[in-house]
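Structural features, examined
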Amino acid sequence: DRVHFAYADLADGKSVAEFFDRLQTRWSRLGVLVNNAGTTHLPALLEDVSEKDFDKVFAVNAKSVYYTSKFAVPWMKQKAAGAIENNRKICRNEKK
């Protein structure tokens, strides 16, 4: 019962808030938060990337860190313990 899988749309603050509510119902503390979500748009020239595609990348890659930390930090502070690790993926596309 030390590991649990749950889904949340990390680009949506309400979804992340509900996710943390479910976690707090299940456990009394949060020891580690690992922010590892990342996405990118399809390989394209910058001028060909739509604003909609860019907004999705920004929402997942940046706002997800904000949202998860926003809800994790107060919980960690209550217990005076916890750690947050932020990872980023680097995508590389090579033409063969």
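Just above, that's the structure.
A brief look at the structure comes next. (Residues numbered from 1 in each chain as written. Predicted model: local features only at pLDDT ≥ 70, side-chain atom pairs only at ≥ 80, totals over all residues. Heavy atoms only, no water.)

Observations concerning the nonpolar core
Put simply, the rule reads: Definition used in this section: a nonpolar core is a set of buried Ala, Val, Leu, Ile, Met, Phe, Trp, Tyr and Cys residues joined via side-chain atoms within 4.5 Å. Exposure categories follow from relative accessible area, calculated using a 1.4 Å probe and restricted to protein chains: below 20% of the type maximum is buried, above 50% is exposed, and the middle band is partly exposed. Helix numbering and strand numbering both begin at the N terminus, where a helix is a DSSP run of H or I of at least 4 residues and a strand a DSSP run of E of at least 2. Contacts are assigned to residue pairs that have any heavy atoms within 4.5 Å of one another.
Ranked by size, the top nonpolar core spans 11 residues in total: Ala8, Val16, Phe19, Phe20, Leu23, Leu30, Leu33, Tyr67, Ala72, Trp75 and Met76. Of all the secondary structure elements, the ones that give two or more residues to this core are helix H1 (13-26) and helix H2 (51-79). Excluding residues within four positions of it along the chain, Tyr67 makes contact with Leu10, Ala11, Asp12, Gly13 and Val16.

As for the pairing of strand S1 (residues 32-35)
Filter applied, for reference: Here, any two strands with at least 2 DSSP bridges between them count as paired. Assignment of crossover handedness uses the view with strands pointing away from the viewer, where a clockwise path from the first strand over the helix to the second indicates a right-handed crossover.
Side chains of S1 alternate between two faces, with Leu33 and Asn35 buried and Val32 and Val34 left unburied. As judged from the 4 bridges shared by S1 and strand S2 (residues 83-86), these two strands associate in the parallel manner. Residue pairing across strands places Leu33 opposite Ile84, the latter belonging to S2. On the question of chirality, the crossover connecting S1 to the parallel S2 by way of H2 is right-handed.

Topic: the packing of aromatic side chains
Selection rule: To pair, rings of Phe, Tyr and Trp, with the six-membered ring standing in for Trp, must have centres within 6.5 Å; the planes then decide the type, stacked if under 30 degrees apart, edge-to-face if over 60, and tilted in the middle.
One pass over the structure, following the stated rule, counts 5 aromatic pairs. A centroid spacing of 6.4 Å and a plane angle of 85° characterise the contact between Phe20 and Trp75, whose relative ring orientation is edge-to-face. Note that Phe20 is positioned in helix H1 and Trp75 in helix H2, a separation of 55 residues in sequence. Overall, the relative accessible area of 2% leaves Phe20 in the buried class.

What to know about the side chain of Asn35
To keep things clear, this is the line we draw: Contacts described as polar in this section are N or O atom pairs within 3.5 Å, which, within protein, must combine one atom able to donate a hydrogen with one able to accept it, while residues neighboring in sequence count only if both atoms come from side chains.
Position of Asn35 relative to the elements: it lies in strand S1. The exposure class assigned to Asn35 is buried, which follows from its relative accessible area of 5%. Here the side chain of Asn35 touches Thr68 through a polar contact of 2.5 Å, side chain to side chain. A polar contact is formed between the side chain of Asn35 and the side chain of Asn86, at a distance of 2.7 Å. Excluding residues that lie within four positions of it along the chain, Asn35 makes contacts with Ser64, Val65, Thr68, Ser69, Ile84, Glu85, Asn86 and Asn87.

Considering H1
Three- or four-residue spacings in an α-helix give side chains the same orientation, since the helix completes a turn every 3.6 residues. Inclusion rule: Any helix carries an expected span of 1.5 Å times its number of residues minus one. It is the directions from the helix axis to the C-beta atoms whose arc is reported.
In this model H1 runs 20 Å from its N-terminal to its C-terminal C-alpha over 14 residues, within 8% of the 20 Å that 1.5 Å per residue would give. Within the span of H1, buried status applies to Gly13, Ser15, Val16, Phe19, Phe20 and Leu23. Buried residues of H1, viewed axially, fall in a sector of 160°; they line one side. Facing away from the buried surface of H1 by more than 90 degrees, the exposed residues are Lys14 and Thr25. Along its buried surface, H1 packs onto S1 and H2.

Quick notes on the side chain of Thr68
Structurally, the position occupied by Thr68 is in helix H2. Here Ser64 takes part through its backbone oxygen, which lies 2.8 Å from a polar atom of the side chain of Thr68. The contacts of Thr68, once residues within four sequence positions are left out, are Leu10, Val16, Phe20, Leu33 and Asn35.

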